[in-house]
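Given next are the chains, with one letter for each unit.
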Number of protein chains: 2
Amino acid sequence: MPVVIPAADLAEFVTALFTEVVPDPGRARTISDVLVWASLRGVDSHGVARVPRYLELLASGEANANARMRFTAGAAGVAVLDADRAPGPVALTAAADEAVSRGRSRGIGAVGVRRTVHTGAIGYYTSRIADAGLIGIAFVAGMPNMSYPGVTGVAVATSPLSIAVPATGDRPAVLLDMATAGIALGKIAQYRNNGRQLPEGVAATADGTATTDPALATMPLPLGGAKGAGMSLAFELLTSVLVGAPILSSFHGADPGGRAHRQNALLVVLDPAAFGDPATFTASVTETLDTLHGLPSADPAAAIRYPGEHSAAAAEERAANGVPVNPKVWAELQAAAEQLGVALPAKA
Amino acid sequence: MPVVIPAADLAEFVTALFTEVVPDPGRARTISDVLVWASLRGVDSHGVARVPRYLELLASGEANANARMRFTAGAAGVAVLDADRAPGPVALTAAADEAVSRGRSRGIGAVGVRRTVHTGAIGYYTSRIADAGLIGIAFVAGMPNMSYPGVTGVAVATSPLSIAVPATGDRPAVLLDMATAGIALGKIAQYRNNGRQLPEGVAATADGTATTDPALATMPLPLGGAKGAGMSLAFELLTSVLVGAPILSSFHGADPGGRAHRQNALLVVLDPAAFGDPATFTASVTETLDTLHGLPSADPAAAIRYPGEHSAAAAEERAANGVPVNPKVWAELQAAAEQLGVALPAKA
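For clarity, every value in this text was computed on a predicted model and none was experimentally measured. (Residues numbered from 1 in each chain as written. Chains lettered and ligands numbered in written order. Predicted model: local features only at pLDDT ≥ 70, side-chain atom pairs only at ≥ 80, totals over all residues. Heavy atoms only, no water.)

**A closer look at the pairing of strand 2 (residues 70-75) of chain A**
All names here are of chain A. Pairing between strand 2 and strand 3 (residues 78-82): four bridges, direction antiparallel. Within strand 3, the residue paired with Arg70 across the bridge is Asp82. Counted between consecutive antiparallel strands, the loop separating strand 2 from strand 3 contains two residues. (Pairing = 2+ DSSP bridges. Helix = DSSP H or I, 4+ residues; strand = E, 2+ residues; numbered from the N terminus.)

Here's what the structure looks like:
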């Protein structure tokens, strides 16, 4: 049975944990915001389950608790944020806000982020842009953990794409947040634990051969083969290579630091007001979503959903009734609280 | 056996055909450029096989041979091109050039395109941006022709994404050009004609149920289910809805013109020089591609390819040895030539 914690108490608790290890209290709050946001939305793989790992990365210095982040700009519409190994939530939140201010005045803007550590759920940053009334697009590149057509072993990363589009007030924003893999690594483990065969064409053995046997599967196949592989490679170029911090060539090369965890990102912001009337835009987004909902249903018992709708409903439910925390994760959080001298939140 | 035509002669012939029906000779040449480019690269589905259809659209007025295209801009970094139903090659080539000029000075720029007809291979426009030394990203939305999870019948479009990234001189640009569908409609027909079962999870019956029987399959399933469906929906919002020309809501609604063919697009340009040293960038792109090529091969007889590499090799081969034209397409081109009084090209 999961432990259920009221959302506000969970946020305060996680903030208190990070406040013990990150000198800037605003940054501690930001890390908590991003992780609790994912937990609220039911994206548990990217939620407070990651707190222990973030604490570990900060303790080891792999993530820099005192990062001196620095924006540089070579042109009016764009900037590059050198994150100095700041945790992803700290770096990408700053980058999203900078992208919003560059995009709003010029119709479009972008911020590249170099050398951050664990971005978390990238939908948080595009949602933040959508909350400002703008369209957000995020590309991220990480460490190779996926196969590539014709290659033996891991080749490219499951690098994600997120697109968020604001709708009118009563409808949650459209929020696409997807990896370029056919299946998440964590899902492969679930199939293994449940002794179920994997679907065809989503996972591979260590040598890159497709398999449906979860005992043999060690990595995901790219989404749709060449398409997901091509997106992943393109995202490495749009992020890591663009900001001068290549991962793929360094990981597979002779670079002694090539396998140290790091991620790079590119956030793009579009201002609907530069393309037409912004009120017409959001109304038309809503009309499109209404149209989708009204299409003939294949199963009247199952709702037709747009991206982000399900997790927005989960967020509403969990905000009201508390956030379920897996018992194993709860034990880890208790241990962290004891170690750092932080009081545990009350259960719901 | 295909008819083989020298590339330059084919280009001249196709230009001559369009010159008979499009008053502006520059536009006729542009339409030919885009279609012949696809044929050269082996993308025959988007190549000169489309000439008869383009001529038909121009003859019927569905595509406007005399389009009065007009750029409007609401902010420095972006513009919207009202294409006035110009054929896609005419509209998107102009849009790509405008996006290059906006992006180069500001680091990033974008052009939305409303009301064009048949974009052709969208890789042409992103390649054109990469040829100018910049990164090109294109999103396109078209007429619904694909299923969506939970919906009976066609719901969304197989809307494509293209990303082009320039490499150094001796390597062709990285060119991703992919639909958001699990399989192309034309490929379903090929399986049907060859009596072969479809792969799992790529095609659906008319009511949206997944099928591997090509006789029952009438439309593609979205790439990876929710991922491809979400991308397609997001692209409709980033293009059609952003430029004030929604397709999805109009197609499924009461709008009497809702089912008339049209497409919308968004082209985004990023200037590597605004993010760092541009020579370092292209050198690092090349190093990344070299690294990919050097990874352990699953099959020493099969090359590891990056997106666009195979079609660049095809273009080189076809430029040297001529472009094979399917006999059925050749017969249609002969008929068009006769009707329009245009001389046929000599065979290779």
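Read on for the rest.
**Description of the nonpolar core**
Counting residues in each nonpolar core, the largest one holds 92 residues, and the members touching the most others are Ile137(A), Tyr148(A), Ile137(B) and Tyr148(B). Excluding its chain neighbours within four sequence positions, the residues that come into contact with Tyr148(B) are Leu292(A), Ile304(A), Arg305(A), Tyr306(A), Pro307(A), Ala155(B), Val156(B), Pro222(B), Ala229(B) and Leu233(B). (Core = buried A, V, L, I, M, F, W, Y, C linked by side-chain atoms within 4.5 Å. Buried < 20%, exposed > 50% of the residue type's maximum accessible area, 1.4 Å probe, protein only. Contact = heavy atoms within 4.5 Å.)

**Topic: the side chain of Ser39(B)**
Summarising the element assignment, Ser39(B) is placed in helix 2 (residues 25-40). With near-sequence residues (within four places) excluded, Ser39(B) lies in contact with Asp44(B), Gly47(B), Val48(B), Arg318(B) and Val323(B).

**Things to note about the relation of the copies chain B and chain A**
Least-squares fitting of chain B to chain A yields an RMSD of 0.0 Å, with the transformation described by 0.0 Å of translation along the axis and a rotation of 180 degrees. Taken together, the turn and the small shift mark the pair as related by a two-fold rotation axis. Comparing contact sets, 100% of the residues at the interface of chain B also lie at the interface in chain A, consistent with an isologous, same-surface contact. (Least-squares fit on C-alpha atoms with pLDDT ≥ 70 in both.)

**What to know about the sheet that holds strand 10 (residues 263-270) of chain B**
Residues and elements named next belong to chain B. Spatial ordering of the open sheet is given by 2-3-4-10-5-6-7, a layout of seven strands whose pairing is mixed. Of all strands in the sheet, those bounded by a partner on one side alone are strand 2 (70-75) and strand 7 (174-178). The sheet shows a mean angle of 15 degrees between the axes of neighbouring strands, taken without regard to direction. The pairing of strand 6 (residues 161-165) with strand 7 spans five bridges and is classified as antiparallel. Of the residues in strand 7, the one forming a bridge with Ile163 is Leu176. (Axes fitted to C-alpha atoms, helices over the stretch in contact; angles between N-to-C directions.)

**A word on the domain arrangement of chain A**
Here chain A is partitioned into domain 1 (1-60 + 307-348), domain 2 (69-173 + 231-293) and domain 3 (182-221). The gap between the C-alpha centroids of domain 1 of chain A and domain 3 of chain A is 29 Å. (Domains from an automatic or database assignment.)

**Some words on the interface of chain B and chain A**
Contacts between the two partners involve 72 residues from chain B, matched on the other side by 72 residues from chain A. Taken together, the two surfaces of chain B and chain A that pack against each other cover about 5,700 Å², and 78% of this comes from carbon and sulfur. Looking only at chain B, the three residues that lose the most surface to chain A are Lys227(B), Leu242(B) and Phe275(B), adding up to 12% of its buried area. At the boundary of chain B and chain A, one finds 14 residue pairs in polar contact (both at pLDDT 80 or more). Per-class residue counts for the side of chain B that touches chain A are 49 nonpolar, 16 polar and seven charged. (Buried area = accessible area lost by both parts, 1.4 Å probe. Polar contact = N/O pair within 3.5 Å; in protein donor to acceptor, adjacent residues only side chain to side chain. Nonpolar A, V, L, I, M, F, W, Y, C, P; charged D, E, K, R; others polar.)

**Description of the pattern of salt bridges**
Between side chains of opposite charge, a pair can form when the charged atoms approach closely. Residue and element names in this part refer to chain A. In total, this model carries 18 salt bridges over all chains according to the counting rule given. Put simply, Arg27 and Asp24 hold a salt bridge, and the shortest N to O gap is 4.0 Å. Members of the salt-bridge network, linked through shared partners, are Asp82, Arg114 and Arg115. (Salt bridge = Lys/Arg side-chain N within 4 Å of Asp/Glu carboxyl O.)

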